[in-house]
Structures are given as structure tokens and as C-alpha cells.
Amino acid sequence: MAKTKQFKTESQKLLHLMTHSIYTQKEIFLRELISNASDAIDKRHYLSLTDSSIPTDTYEIWLTPNAKDRTLVVADNGIGFTEKELIENLGTIAQSGSKSFLEKIEQKDVDIIGQFGVGFYSAFMVSDKVIVETKSPYSNTGYRWSSKGESSYTIEEIEREEIGTTIILQLRDDDEENEEDFTKFTSEYTLKSLVKKYSDYVRYPINMMIEKKEKEKSTQVKETLNQMTPIWKRSKQDIKPEDMNQFYKHQFNDFEDPLKVIHTNVEGMLTYTALLFIPKKPAFDFYSEHYEKGLQLYTKGVFIQDKNKELIPDYFKFVKGLVDSADLSLNISREMLQHDRQLKKIASHLEKKIKSELENMMLHDRDQYIEFYEAYKTTLKYGIYDQYGLNKEKLQDLIMFQTNKSDDYISFKDYIERKPEEQKAIYYATGKTKQSILSLPQMDIMKENGYEVLLFTEDIDEFMIQVLQNYQDVPFKSVQQGESDLIDDTKKEDLKEKEKENKDILKAIKKALKEKVKDVKLSARLKESAVCLVSGEGLSLEMEKILKQMPN
Ligand code: ADP
Ligand code: MG
């Protein structure tokens, strides 16, 4: 008996968009179904390594067009669906990719859709009805899911032995808005060229029976439509930047081209290929606890793991990509991977590589570096602060600040190089905005002396400095804290005199302010302002404010 169920609201929205597609590049549905098939085979293969109840197979994806019936079948022998998975994965949008797609669409960001993985529902762009027949190794029976892409779908049990999924598309016979004829998706020629265009690097064979005419007689022969060479296995010169960008966007669910691609082949004691990407913008969940860092892990082109956390340090968690190493055993379990020495070595290579690429960018492509830095500076600074400064040496040269003297960012190194010889500290000042810092009373004396001051506007900045303490033995010093060392000794003597003379008035002010201040002193650091607040040597005022805001 078939059960009818309602799609969840978000799914309904997405389906509505698909069936009334504003989107012209409908052909990408094939790329989506093939990529799901490939993912499903990856999953089955991976699980079979550690679970003997899951049989392996000769993994294949099959396309079967039928012009007469107006159907196209996409079949795989991947992991299949249990009934629960059909409901969870096809009845709701649980996938972060599809979810953020929907958000973008709702913001009317329509022109970027073409780049993006829109998932299973894209089948409804070209179909009146979609049927999914499937069998999972985790269930005793097969299931048929079917829907016309409106508000509901049905699920029923079927007899099916072979593990995997068969998706049957009943192609729409007309499309009034675009006057597009979807029977083209049953043509050999169209299917071949779509596979070439979008799915050539899929690592499993995408097969189709092709008509071969020989002397009046026509026979059907199996043909594999894709080259199956993963893009990272091709030689660097042969990869067009567009192809690389396309691969990135699809593989890692981004709308935009990457900011930076790092493609590296290492041979020798340890042999591996890494393909790393820095996204232009942090992923939409980058700052949430749901964000998972990690690189995909392959061995000899075969997928092992989706997000290997050991491969990338927290302070470079924005890096996406993959590592393919022939030196890893296919039969390795996830727990063992954590302790794998090869993997640790690769991780340490990659860390150095990323760092040197970033330093290079900073030197030779400043504009790109600024774009990078503005997107990820908080993560780098946090990396310095984290683990009691364990990684400060690695990261400190990637940090930059704007100053009272320059709108351009400068590094600590730049600061040291251009400061006057006799200046004994690297000065910084903290505030909510650049403007508010520049109008601090304490900036007066800095201005007068022509000293450069780093402008700290992020919460993390001072915490980072507490950990750094100094750069190349030059100490960091807040212009807002403690006794200013810019005041010479005669002035200090002077001040002591004056303090004695004005003892009573200072006492009176202190009494009036009660416990709001610790002390009231005369100051030689003020030029244009009458008073300023100064904190002691410990926590700064800004840090105290931040700590007060933090939940206990
Ligand atoms: P995504 O691929 O981004 O996760 P999709 O909308 O393409 O999103 O697919 C939704 C989910 O349905 C997948 O995450 C997967 O769990 C499941 N799925 C889709 N196609 C298949 C398939 N051929 N075999 C097994 N599971 C599949
Ligand atoms: Mg998908």
C-alpha cells in the first residue's frame, strides 16, 4: 500500500521554484543526479570497507533514455535509501547546500543559480513525475518513492534485490514559457555532450547503450561517456581556470569562484596531490558551531572521507579542498586515520604550503591579500590567541592593521621597519571604530610626536596582543594603558610637583567619583583634551567590556 506524505514547507518552496523554473539552464539536472549517484557509490564503498555485511560491486552509473516513452533513467549501485532516508533526504531539505540556495533565491540573487548545486529537486525542472526505486543494504525490502513535484509524494514497498537506486524521469512534453523540447534529454548526442560538459571527471563509469550501425544491422553496445580522470590528476597546464572554478563551485557548494587555488603535487618519501581552495567569502555557517572544517580524503582517486579534520589546522579552517594520496591504505578506518603518521606529515606540509602561499600573496598581490584578510582576519588572530600562543610564530606575519597614519594595512614587520630608531614600542589603541580611536585624548601626544599607532577595532585584537607580547623583541604597548613612556623625566618631575600642589583638588575629584575610578592623577600626555580614562597594567578597558558581555 502506498503511503502519501506532504513535503516540508521549505521543500515545497524549492519545488515550486523548480517546476516554475525561472532558471534557464535546466540541463544541469543531469549533473545533479549523476553527482548524487557518485556520492552514493562513494558511501557504499566506504561503508563496505569496515562493514562486512555490505557487499562490494563493480560500481557503475547508467543512463537509459527512451524517446518513445519520454523517459530518462539514471541508475547507480550505490548505497540506496532506507524508507526513513527517503523521507528525510527527499521529503525535507536537510542539506546545507540546498538550504543556502533557497536563502539566496529568496534574496533574489537569481543570476548565480547556474553555478550552484541545486540537488535532487532539479529533476522537476524537466520532469512531470519522478520515480525513485531503491534498496539499501540496511533494509530488507526495496521502496518506490514517487512525486509529481507538487505538495506531496508517495512511498511504497517494492520487490528489489540489487542494492542501489534507479531514478526514472517522466520528461515534460512541453514547456510553454521557454518553448523548450525536453525530448532532447533522450537523445544520445545531448546526453553524451552533457556528461562531457559537467560530469567528465566523475570517478565511476557513466555508461549508456549506444546504437552502432554495421552493414544495415544495428546493434547496441555499451559505451562509457566520461573520462573518469579526476581534475586533480590532470596535469596543471591542461586544466583551464574555468574548469577548475566549476569543479570547486560544484564540489564545495559555493556560488562564487574561489579567491585562490593551491594545486600541489608532492612526490618522494610521501606522495600526494592536494587541491586547496580559499573561498572568496566565509561559508554562511562559518561562524556557527555547525561549521565543520576539513579536507576530502582520497586514495588513488577513490573517496575515503568527506571532512578530514586532521588535515587542516583550526586557524586555516576556511580552506576547502581535497587530498589524494597513494600512500594511505584503502582499508583504513576513521579511528586509525586519526593516528596515521603519513596523514600527519601531509597535514604539516599543507600548513606550510598555505602559509607560504599567503605570505607570497601578501607581498606580490596586495589587493588579493586584502580581500583575503578582510574575510578571514578574525580567524587568523584567534589562531594566535588560541592554545596560549602555541602558533603565534606561524601566524604573526599574516596580521595587518590600519594605523593613525595610513588607511592601508601594515604588518608588524612594516611597522618596525618604518618606526624611528629611538621608538621602543609598537603602539596600539583600541576602540569601536577607527574614528573613535582617532579622537581619543591619548592620541594627542602620539600625533604630536608623529608616532604611528595600530588601530584595534576587533574584540579579538587585544587578546591576541596579550599573547604576542612583542614582535622581534619590540614590546606592544597600549596608548590607553598605564604610564606613558613618551613623557620624559623632567616632565615627570614637574608632574610630581604639580600633583603635590594640587593634592586637595585631586582628592576631591576622586571622592566625588567614588569607586568609579581607582585613582585620579595629573597627566602630561594630554594636549587638546582635558581628561582621559586610563586603565592599569592588567586588563584594558576594552577587554573588561568584552569580558563583561561574555556569558559566564
Ligand atoms: P546533496 O547531494 O547536496 O546532499 P541532494 O538534493 O542532491 O542534496 O540530495 C539529497 C540527499 O538525498 C543526499 O544527501 C543523499 O543523502 C540522498 N540521495 C540523493 N540521490 C541519491 C542516490 N542516488 N542514492 C542514495 N542517496 C541519494
Ligand atoms: Mg546532490
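On a predicted model such as this, the values are computed, not experimentally measured, just so you know. Positions within a chain are numbered from 1, following the residues in the order the chain's sequence is written. Each chain is given a letter, starting from A, and each ligand a number, starting from 1, according to the order in which they appear as written. Reporting in this predicted model follows two pLDDT cut-offs: at least 70 for local features of residues, and 80 or more for side-chain atom pairs to be given and counted; totals over whole chains, interfaces and linings ignore these cut-offs and use all residues.

## What about the overall build of the chain?
If you tally the helices and strands in the chain, you get 17 helices and 20 strands. Here a residue counts as buried when 20 or more other C-beta atoms fall within 10 Å of its C-beta, as exposed when 12 or fewer do, and as partly exposed in between; the C-beta atoms come from the backbone. For the chain, the proportion of its 552 residues judged to be buried stands at 32%. Only DSSP runs of H or I reaching four residues or more are called helices, and only runs of E reaching two or more are called strands; each is numbered from the N terminus.

## Here's the deal with the sheet that holds strand β13 (residues 302-308)
Strands in a sheet are paired, the pairing made by backbone hydrogen bonds, and the direction either parallel or antiparallel. The five strands lie next to each other as β10-β11-β14-β12-β13, forming an open sheet whose pairing is mixed. Every other strand in the sheet has two partners, leaving β10 (260-266) and β13 as the edge strands with one partner each. Neighbour-to-neighbour, the strand axes of this sheet turn through a mean angle of 15°, independent of strand direction. One requirement defines pairing of two strands: DSSP has to find at least two bridges between them. Strand direction decides the pairing type here: strand β12 (residues 295-299) and strand β14 (residues 320-325), joined by three bridges, are parallel. Bridge pairing links glutamine 296 to leucine 322 in β14. The convention used is that axes are lines fitted to C-alpha atoms, helices contributing only their stretch in contact, and that angles between N-to-C directions extend from 0 to 180 degrees.

## A closer look at the packing of helix α2 (residues 28-50) against helix α5 (residues 188-199)
The geometry of α2 relative to α5 is characterised by a closest axis approach of 10 Å and an angle of 65° between their N-to-C directions. Here α5 runs roughly perpendicular to α2, going by the angle between their axes. Like other packed secondary-structure pairs, α2 and α5 cross with a definite hand, here right-handed. For the pair α2 and α5, contact is made by Ile28, Leu30, Arg31 and Ile34 and by Leu194, Tyr198 and Ser199, respectively. Nonpolar residues are Ala, Val, Leu, Ile, Met, Phe, Trp, Tyr, Cys and Pro. Charged residues are Asp, Glu, Lys and Arg, and all others, Gly as well, are polar. Of the residues assigned to the contact of α2 with α5, the class counts are five nonpolar, one polar and one charged. Should an angle fall under 35 degrees it is taken as roughly parallel, and over 145 as roughly antiparallel, whereas 65 to 115 is taken as roughly perpendicular and any remaining angle as oblique. We call a crossing left-handed when the near helix sits turned anticlockwise from the far one by less than a right angle, and right-handed when that turn is clockwise. Residues are treated as contacting if the C-beta atoms built from their backbones sit within 7 Å of each other.

## Some remarks on the confidence of the model for the chain
As a per-residue measure, pLDDT tells how confident the predictor is, with possible values from 0 to 100. Taken residue by residue, the chain gives an average pLDDT of 86. The fraction at 70 or more is 84%. The model gives residues 110-115 a pLDDT under 50, and that stretch makes nine contacts with residues more than four places away or in other chains. Listed scores for the predicted complex are pTM 0.73 and ipTM 0.99.

## Quick notes on the environment of aspartate 314
Along the chain, aspartate 314 falls in the loop between β13 and β14. Taking the C-alpha atoms as reference points, aspartate 314 and tryptophan 62, 252 residues apart in sequence, are found 40 Å from one another. Setting aside chain neighbours within four positions, we find aspartate 314 in contact with Lys293, Gly383 and Asp386.

## Focus: helix α16 (residues 503-513)
The buried fraction of α16 is low, at zero of eleven residues. In the stretch just after α16, lysine 514 is the one whose phi turns positive, near 50°.

## Considering the sheet that holds strand β20 (residues 474-478)
Taking strand neighbours across the sheet as the criterion, the four strands line up as β18-β17-β20-β19 in an open arrangement whose pairing is mixed. Of all strands in the sheet, those bounded by a partner on one side alone are β18 (453-456) and β19 (470-471). Across four bridges, the pairing between strand β17 (residues 426-430) and β18 is parallel. Its bridge partner lying in β18, tyrosine 427 is registered against valine 453.

## Remarks on the pairing of strand β6 (residues 152-158)
Bridging between strand β1 (residues 3-6) and β6 involves four bridges; their strand directions are antiparallel. Residue pairing across strands places lysine 5 opposite tyrosine 153, the latter belonging to β6. In terms of strand pairing, strand β5 (residues 142-147) meets β6 through six bridges, oriented antiparallel. Directly across from serine 147, in β6, lies its bridge partner tyrosine 153. Two successive antiparallel strands, β5 and β6, enclose a turn made up of four residues, where glycine 149 displays a positive phi of approximately 80°.

## What about the nonpolar core?
Ranked by size, the top nonpolar core spans 57 residues in total, and within it Val323, Tyr428, Ala429, Val453 and Leu454 carry the most contacts. Top contributing element to this core by residue count: helix α8 (residues 341-364), with seven residues. A set of buried Ala, Val, Leu, Ile, Met, Phe, Trp, Tyr and Cys residues, joined to one another through C-beta atoms within 7 Å, is what we call a nonpolar core. Residues Phe7, Leu30, Leu33 and Val132 belong to the second largest nonpolar core, which totals 50 residues.

## What to know about the pairing of β10
In this sheet, strand β11 (residues 272-278) lies alongside β10 in antiparallel orientation, the contact comprising seven bridges. Across the sheet, isoleucine 262 pairs through a bridge with leucine 276, a residue of β11.

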